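# Coordinate inspection notes
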Amino acid sequence: MLGFLLLGYKDMDDIRHFISTYDWTKDDLQAIIDEAVKLKASPFQASLQNKSVAMLFFNPSLRTRTSFEVGISELSGTAIILQPGKDAWPIEFEDGVIMDQDPEEYVKEVAQVLSEYCDCIAIRAFPKFVDWNIDRTDHVIKSFAKYASVPVINMETIEHPCQELAHLMTLQETLGSLEGKDYLLTWTYHPKPLNTAVANSSLLIASKFGMNVKLLCPSEDYLLDRRYLDYAQEACSKNNKSFEITHDINAGYDGANIVYAKSWGSLNFYGNPKDEFKVRKNFKHFIVDEEKMELTNNALFSHCLPLRRNVKATDEVMDSPNCVAIQEAANRKHVQKSLLTKIL
Ligand code: CP
């Protein structure tokens, strides 16, 4: 560590990354939400004056990019948007590779250089959808965390912790205490096999915050990674709450206080979208509609967005007063401002 101090680097042991809420306590996360509520009421502060955040997008975004960029500006900070391979050099992540292909620089240099210019590095890097055993290591963001000397924030990789915070804030704003509420995470149909990140995150946050959690998906092919199922089971047990997996739509919706919808691709068919589609196309009836919502306890409905109307959820559900998806998207800005204020 002396070498780092002599070179003027920050002590890396002091850095707190926000890659997964798994590493953060319930109290820590609640403190971020409590501060976000204050920032929502009083949005313009100078808490990020003279601070800058490098935001690297390997994938498209509407909400994440806009909410971070506007939020940083409202706190008097500077946001730098970079799209590696488009407006910034393509990056190599494999160790020891002979770099005679497309990438122009190695992640170590990228992370170290950005750490010299900026106070935080935020990363959106979706899985490659070829081999889940590789993607589940979250190699891209972990590489940045390994080499950066500033905090690294996850803007969606195999988890989406900023979405989790916004989801939690929205539920608390609307329902008050979430202790003992019945929470349903339901799989929905989509024409493409999508990332499991938001679904993984949904299990992490719902189980951590004392809800009875149900996962509804069409078959065993659509179970999430064992790591998230085990976490949800353990956290629910610790909180004296239930965790249940069901493939029965009626049993899933029955009595729910919250319905959170997301589509994701089957991990059993990972890297094999043609065969996966042959299975998935049979499950269009998992759409969230009024008939299913009638089975709930007047549940709130939400989705992280973007959402294909009348594929994932009907117009009636999206336009119902119980839908809080826009409120959740709006809260992204407030929770991210609170997070940045805390970790910087
Ligand atoms: N929910 C979410 O992260 O939206 P974007 O993909 O538009 O950023």
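Now for a description of the structure that goes with this document. (Residues numbered from 1 in each chain as written. Predicted model: local features only at pLDDT ≥ 70, side-chain atom pairs only at ≥ 80, totals over all residues. Heavy atoms only, no water.)

### As for the sheet that holds strand β9 (residues 243–246)
Backbone-to-backbone hydrogen bonds pair the strands of a sheet. The strands run either parallel or antiparallel. Selection criterion: At least two bridges found by DSSP between two strands is the condition for calling them paired. A run of DSSP states H or I qualifies as a helix once it reaches four residues; a run of E qualifies as a strand once it reaches two. Both are numbered from the N-terminal end. Angles run from 0 to 180 degrees between N-to-C directions of axes, and those axes are lines fitted to C-alpha atoms, restricted for helices to the stretch in contact. Contacts are assigned to residue pairs with any non-hydrogen atoms lying within 4.5 Å of each other.
Taking strand neighbours across the sheet as the criterion, the 5 strands line up as β9-β8-β7-β10-β11 in an open arrangement whose pairing is parallel. Either end of the sheet is taken by a strand with one partner, and the two such strands are β9 and β11 (300–302). Strand-to-strand twist across the sheet, computed as the mean angle between neighbouring axes with direction ignored, equals 15°. Taken together, the 5 bridges between strand β7 (residues 182–187) and strand β8 (residues 212–216) define a ladder with parallel strand orientation. Residue pairing for β8: L184 is matched across the bridge by K214. With respect to the sheet, helix α8 (residues 197–208) is in contact with β7, β8, β9 and β10 (258–262), its orientation differing from that of β7 by roughly 170°.

### A few points about the side chain of N257
Put simply, the rule reads: Relative accessible area decides the class of each residue, using a 1.4 Å probe on protein chains only: under 20% of the type maximum gives buried, over 50% gives exposed, and in between gives partly exposed.
Along the chain, the position of N257 falls in the loop between α10 (249–253) and β10. According to the relative accessible area criterion, N257 is buried, its value standing at 15%. Sequence-distant contacts of N257, defined by excluding residues within four places in its chain, comprise K181, D182, N297, A299 and L300.

### Considering helix α3 (residues 63–74)
Heads up, the rule is: For a helix, the expected span equals 1.5 Å multiplied by the residue count minus one. This arc describes the spread of directions from the helix axis toward the C-beta atoms.
The end-to-end C-alpha distance of α3 is 16 Å, a good match for the 16 Å that 12 residues give at a rise of 1.5 Å each. Residues T64, S67, F68, G71, I72 and E74 constitute the buried set of α3. An end-on view of α3 places all buried positions within 155° of arc, on one side of the element. Residues of α3 that are buried make contact with β1 (52–57), β2 (78–82), β5 (120–124), β6 (152–154), α7 (161–175) and α14 (325–343). The first or second residue beyond α3 is S76, which carries a positive phi of 70°.

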